[in-house]
Amino acid sequence: MRIKSSVVCLTVDDVPTSSKFLADHFGYVEQMSAPGFASLAREDGGVDVVFHARGLEVLPPELREVPVAGTIVAFVVDDLDAEQDRLRAEGVEPSLPIREEPWGERLLLVTDPNGVVYELAEWAEAPSGR
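On a predicted model such as this, the values are computed, not experimentally measured, just so you know.

Our focus in this paragraph is the overall build of the protein. Within the protein one finds 2 helices and 8 strands. When the elements of the protein are put in sequence order from the N terminus, they spell out β-α-β-β-β-β-α-β-β-β. Over its C-alpha atoms the protein spans a radius of gyration of 16 Å, differing by no more than 12% from the 14 Å that the globule rule assigns to 130 residues. Principal-axis analysis of the C-alpha atoms gives the protein an extent of 45 × 40 × 30 Å. Restricting to contacts in the protein with at least 6 residues of sequence separation, those with at least 24 account for 48%. As displayed, the protein offers around 8000 Å² of accessible surface, 52% of which is attributable to carbon and sulfur atoms. Each charge class in the protein can be summarised by its mean position, and for the 11 positive and 24 negative side chains these summaries are 4 Å apart.

Across the sheet, which stays open at both edges, the 4 strands sit in the order β1-β4-β3-β2 with mixed pairing between neighbours. Taken across any chain shown, the strands that pair with only one partner, and hence form the sheet edges, are β1 (7-12) and β2 (29-34). Strand-to-strand, the axes of this sheet are offset by a mean angle of 20°, without reference to chain direction. Where β2 and strand β3 (residues 37-41) come together, 5 bridges link them in antiparallel fashion. Among the inter-strand pairings, S33 is bridged to a residue of β3, identified as A38. Contacts between helix α1 (residues 15-26) and the sheet are confined to β1, β2, β3 and β4 (48-53), with β4 contributing the most and set at about 160° to the helix.

With that out of the way, let us pick up the pattern of salt bridges. This model, assessed by the stated rule, comprises 9 salt bridges. For the salt bridge of E93 with R88, the shortest nitrogen-to-oxygen distance reads 2.9 Å. Assessed through its relative accessible area of 52%, E93 is described here as exposed. Look at R88 and you get partly exposed, because its relative accessible area is 35%. Of the charged contacts, one joins E122 and R106 as a salt bridge, the two residues approaching to 2.4 Å between their closest N and O atoms. In this pair, E122 is assigned in strand β8 (residues 117-123) and R106 in strand β7 (residues 105-111), connecting sequence segments 16 residues apart. The same class applies to E122 as to R106, namely buried. One network of salt bridges, in which partners are shared, links D81, R106 and E122.

About the criteria used
- Residues numbered from 1 in each chain as written.
- Predicted model: local features only at pLDDT ≥ 70, side-chain atom pairs only at ≥ 80, totals over all residues.
- Heavy atoms only, no water.
- Helix = DSSP H or I, 4+ residues; strand = E, 2+ residues; numbered from the N terminus.
- Rg over C-alpha atoms; globule rule 2.2 N^0.38 Å.
- Contact = heavy atoms within 4.5 Å.
- Areas by Shrake-Rupley, 256 points an atom, 1.4 Å probe, with all protein chains shown as cover.
- Lys, Arg positive; Asp, Glu negative; His and termini not counted.
- Charge placed at Lys NZ, Arg CZ, Asp CG, Glu CD.
- Pairing = 2+ DSSP bridges.
- Axes fitted to C-alpha atoms, helices over the stretch in contact; angles between N-to-C directions.
- Salt bridge = Lys/Arg side-chain N within 4 Å of Asp/Glu carboxyl O.
- Buried < 20%, exposed > 50% of the residue type's maximum accessible area, 1.4 Å probe, protein only.

What follows is the structure in structure tokens.
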């Protein structure tokens, strides 16, 4: 198998709000949209993100009304402190300020108005194999 790209699909109540948050604060660009749907990507080839509105008929019936929960979209960054400062300057307060884990990961979390959680992380030391 050859994977050509990666996409994460998230079900939210308000698609335009999550789409705008991702565009405004993480540099994503909306590639396609329709009522109840938005597809966003980054020029650098990061994971694409698709938002579906709850109740959208293209979703399997058992998932149509299930909003995003327990999912974290993670981005590895070069300067976590600078990213936290930038987000705060843009009016986004971390839901979890920077902390360092025993295994060497530094991370912070922010949450969009629909409850989508984004993690920004950097490694104190690059993990082996990367």
